[in-house]
Amino acid sequence: MQIYYKGNVMAKLSSKGVKRLKHCTKNGSCTVCLEPIEDGERVLRGAHYKCYFRIYRKIRSGLISEKNAIQDGIFREHEITGRKPIEVAELPESIK
Ligand SMILES: [Zn+2]
């Protein structure tokens, strides 16, 4: 299965990533913590808002790359959720 993402980062899903996204699509769960996403919950790139920023912080501090996150199915590509990349200026003060 070949999936290429064309967001900020081009990455091919790993087999782990494909499994994760299949699981999350089927169960409607968060791609980060794998817990179900409740109706009306804020979602970013397939993950709970909080979960997204937990990973986003790691990316910003260089612990993992965005490419790795996409490859492992932790982040969905921007276009899939129909959301644009978040500008740093829009991030909550606590994680800047
Ligand atoms: Zn989550």
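Values in this document were obtained by computation on a predicted structure and should not be read as measured data.

Caption draft 1: Expanded view of the overall build of the protein chain. Looking only at helices and strands, one finds four helices and two strands in the protein chain. Counting from the amino terminus, helix and strand elements in the protein chain follow one another as α-β-β-α-α-α. A total of 96 residues make up the protein chain; the buried ones form 26% of that total. The long-range share in the protein chain, meaning contacts at least 24 apart out of those at least 6 apart in sequence, stands at 45%.

Caption draft 2: Structural view of the nonpolar core. Counting 14 residues, the largest nonpolar core has Cys30, Val32, Ala47, Cys51, Tyr52 and Ile55 as the members making the most contacts within it. Sorting the residues of this core by element identifies helix H2 (49-60) and helix H3 (66-71) as the ones contributing at least two each. Ranked by the residues each element gives to this core, the list is headed by H2, at three residues. Look past the residues within four positions of Ile55 in its chain and what remains in contact with it is Val32, Ala69, Ile74 and Phe75.

Caption draft 3: Region of interest: the confidence of the model for the protein chain. Looking at the protein chain as a whole, its pLDDT mean stands at 80, while 70% of the residues score no less than 70. For residues 80-88, every residue scores under 50 in pLDDT, and the model assigns this stretch eleven contacts once sequence neighbours within four places are set aside.

Caption draft 4: Representation of H2. Between the first and last C-alpha of H2 there are 16 Å, a value that for twelve residues agrees with the 16 Å anticipated at 1.5 Å per step. All of the buried residues along H2 are Cys51, Tyr52 and Ile55. Seen end-on, H2 carries its buried residues on one side only, within an arc spanning 100°. Of the surrounding elements, those touching the buried residues of H2 are strand S1 (43-44), strand S2 (47-48) and H3. The positive-phi residue at the C-terminal boundary of H2 is Gly62, with phi of around 85°.

The rules we used
Residues numbered from 1 in each chain as written. Predicted model: local features only at pLDDT ≥ 70, side-chain atom pairs only at ≥ 80, totals over all residues. Helix = DSSP H or I, 4+ residues; strand = E, 2+ residues; numbered from the N terminus. Buried ≥ 20, exposed ≤ 12 C-beta atoms within 10 Å, placed from the backbone. Contact = placed C-beta atoms within 7 Å. Core = buried A, V, L, I, M, F, W, Y, C linked by C-beta atoms within 7 Å. pLDDT = per-residue confidence, 0-100. Expected span 1.5 Å × (residues − 1). Arc of directions from axis to C-beta.

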